[in-house]
Amino acid sequence: MSERAPITPATIAVTGGRPPHEPDQPLNAPITMASTYVAGGDLEYGRYGNPSWTAFEDVLGELEGGRCLTFASGMAAVMTVLDLVAQGAKVVLPRHAYQGSIMALADLEARGRLHAHLVDISDTAAVIAACDDAALVWIETPTNPALEVADIAAIAEAAHESGAYVVVDNTFATPLLQQPLALGADIVVHSATKYLAGHSDVLLGAVVTADDELYDVLKGRRSLAGAVPGAFETWLALRGLRTLHLRVERAQANARILVERLQEHPALSEVRYPGFGGIVAIVLAEGELAADLLVRKTHVWVHATSLGGVESTFERRRRWKTEAATIPVGLVRMSVGIEDVEDLWTDLVTALDTLT
Ligand SMILES: Cc1ncc(COP(=O)(O)O)c(C=O)c1O
């Protein structure tokens, strides 16, 4: 067969990372359970590579426009990328980035490893000013859970003028709604646990870059840290990735309908939505107690952390002591799933109505 010309993300998601179209080849890449391989090849040992990882990496790499490395979790990917910078270097990070990323940076700073500079990532001028003398600019857009949006292209240009790496955590948008490498980023990071795998049954991380030197460094560090995923996890994530386009499209369509209806609800003081994707944040007018009541009153919506699964989940973010104090205490982050939107609305509005 002639070389396949990748056409659209939907086709890449479905057709990428498969064995060749040859008699008796399985359609799906098998789960390769191996800690070691017969010597003399490219893999050699289980920490260096696995064909099940490669199948997932081929698809995500193609979707993001670079070469992908999969990790044991999103945080394993985050830590490996943060470790790129030299001792004492400055890292710029959104003040409302995922709390795990902020905590990781704070921990590294406390141990003298880095200097952290938190910014409002939606204030482009302030971010550009902070890029001066930075070694790495970390962008998360939309942010978790504040849902602020960054101007990736403008920030990347300023960061590169300062010689800084630009990293984008693309977990919320997915490569279907935002392609950071095309906008000038050097590295994309994912919690593949979320939309990419999409079924709340696997922990996985990923890094994508089009820079071969960075790829080699990150791959080497992944092997040394042993921050590697299991073969079954990557197989499950690839199975999820096959339907990414359908799930994102449906979650986004559901989210847009819910956002429109929620605007007028008297129990809410604010509805935040960046205009795309499946994550919405609502702020309960009566604050913490009302938010805690809401998440316990629904039947379809599940009170759970994490996001990006087929099922709708929500939680009050400040229930976590580590969440930023600038996030409203009554903010509930909603991960809109792919259920019937009328069922989602009825369940939600019934619970909200009891609070007014
Ligand atoms: C935006 C973002 N980045 C990174 C992570 C960390 O990923 P993981 O939980 O897979 O380690 C998360 C987890 O919630 C996240 O929301």
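Quick caveat: nothing in here was measured; it's all calculated off a predicted structure.

Scoring rules and cut-offs
- Residues numbered from 1 in each chain as written.
- Predicted model: local features only at pLDDT ≥ 70, side-chain atom pairs only at ≥ 80, totals over all residues.
- Heavy atoms only, no water.
- Helix = DSSP H or I, 4+ residues; strand = E, 2+ residues; numbered from the N terminus.
- Axes fitted to C-alpha atoms, helices over the stretch in contact; angles between N-to-C directions.
- Parallel < 35°, antiparallel > 145°, perpendicular 65-115°, else oblique.
- Left-handed = near helix turned anticlockwise from the far one by under 90°.
- Contact = heavy atoms within 4.5 Å.
- Near = heavy atom within 4 Å.
- Polar contact = N/O pair within 3.5 Å; in protein donor to acceptor, adjacent residues only side chain to side chain.
- Areas by Shrake-Rupley, 256 points an atom, 1.4 Å probe, with all protein chains shown as cover.
- Nonpolar A, V, L, I, M, F, W, Y, C, P; charged D, E, K, R; others polar.
- Phe/Tyr/Trp six-rings, centres within 6.5 Å; stacked < 30°, edge-to-face > 60°.
- Lys NZ or Arg CZ within 6 Å of the ring centre and 35° of its normal.
- Buried < 20%, exposed > 50% of the residue type's maximum accessible area, 1.4 Å probe, protein only.
- Salt bridge = Lys/Arg side-chain N within 4 Å of Asp/Glu carboxyl O.

A. Geometry of the environment of Ile187. With respect to the secondary-structure elements, Ile187 resides in strand 6 (residues 187-191). Through-space distance from the C-alpha of Ile187 to that of Glu64 is 9.9 Å; in sequence the pair is 123 residues apart.

B. Region of interest: the packing of helix 5 (residues 124-131) against helix 6 (residues 152-161). In the contact formed by helix 5 and helix 6, the axes pass within 8 Å of each other and the chain directions differ by 20 degrees. With respect to helix 6, the axis of helix 5 lies roughly parallel. The element helix 5 and its partner helix 6 pack so that their crossing is right-handed. Residues Thr124, Val127, Ile128 and Cys131 of helix 5 lie in contact with helix 6, whose contacting residues are Ala154, Ile155, Ala158 and Ala159.

C. Examining the site of the ligand more closely. With respect to spatial proximity, the complete set of residues near the ligand consists of Ser73, Gly74, Met75, Tyr98, Glu140, Asn144, Asp169, Thr171, Ser191, Thr193, Lys194 and Leu204. Measuring from an oxygen atom of the ligand, one finds a side-chain N or O atom of Lys194 at 2.8 Å. The protein chains hide 92% of the 390 Å² of surface that the ligand would expose on its own. Class assignment for the residues of the shell around the ligand results in 3 nonpolar, 6 polar and 3 charged.

D. Inspection of the packing of helix 3 (residues 74-82) against helix 4 (residues 99-110) at higher detail. For the pair helix 3 and helix 4, interaxial distance at closest approach is 10 Å and the crossing angle is 40 degrees. Accordingly, the angle class assigned to the pair helix 3 and helix 4 is oblique. Between helix 3 and helix 4 lies a crossing whose hand is right-handed. Side by side, helix 3 and helix 4 meet where Met75, Val78, Met79 and Leu82 of the first sit next to Gly100, Ser101, Ala104, Leu105 and Leu108 of the second. Among the residues forming the contact of helix 3 with helix 4, the class breakdown is 7 nonpolar, 2 polar and no charged.

E. Broad picture of the packing of aromatic side chains. The final tally for this structure, using the stated rule, is 3 aromatic pairs. With a centroid separation of 6.0 Å and an interplanar angle of 15 degrees, the aromatic rings of Phe232 and Trp235 are classed as stacked. One end of the pair, Phe232, and the other, Trp235, are both in helix 9 (residues 231-241), 3 residues apart, so they sit about a helical turn from each other. Directly above the ring of Tyr215 sits Arg67, whose terminal nitrogen or CZ lies 3.7 Å from the centroid.

F. Unusual backbone geometry, seen in detail. The omega angle of the peptide bond from Thr141 to Pro142 is -5 degrees, so this bond is cis rather than trans. The residue Pro142 is located in the loop between strand 4 (136-140) and helix 6 in this model. The peptide bond linking Asn144 to Pro145 adopts the cis configuration, its omega dihedral lying at 5 degrees. Along the polypeptide, Pro145 turns up in the loop between strand 4 and helix 6. Positive phi, close to 70 degrees, is recorded for Glu44, a residue that is not glycine. Of note, Glu44 is situated in the loop between helix 1 (9-15) and helix 2 (51-64). With a relative accessible area of 32%, Glu44 lands in the partly exposed category. Despite not being glycine, Asp133 shows a phi value in the positive range, around 65 degrees. You can see Asp133 is positioned in the loop between helix 5 and strand 4.

G. Looking closely at the pattern of salt bridges. For the structure on display, the rule yields 14 salt bridges. Residues Arg111 and Asp107 are paired through a salt bridge, measuring 2.8 Å at the closest nitrogen-oxygen approach. By relative accessible area, which is 56% here, Arg111 ends up exposed. Measuring nitrogen to oxygen at the nearest pair gives 2.8 Å for the salt bridge that ties Arg316 to Asp292. You can see Arg316 sitting in strand 11 (residues 313-316) and its partner Asp292 sitting in helix 11 (residues 288-294), a full 24 residues away along the chain.

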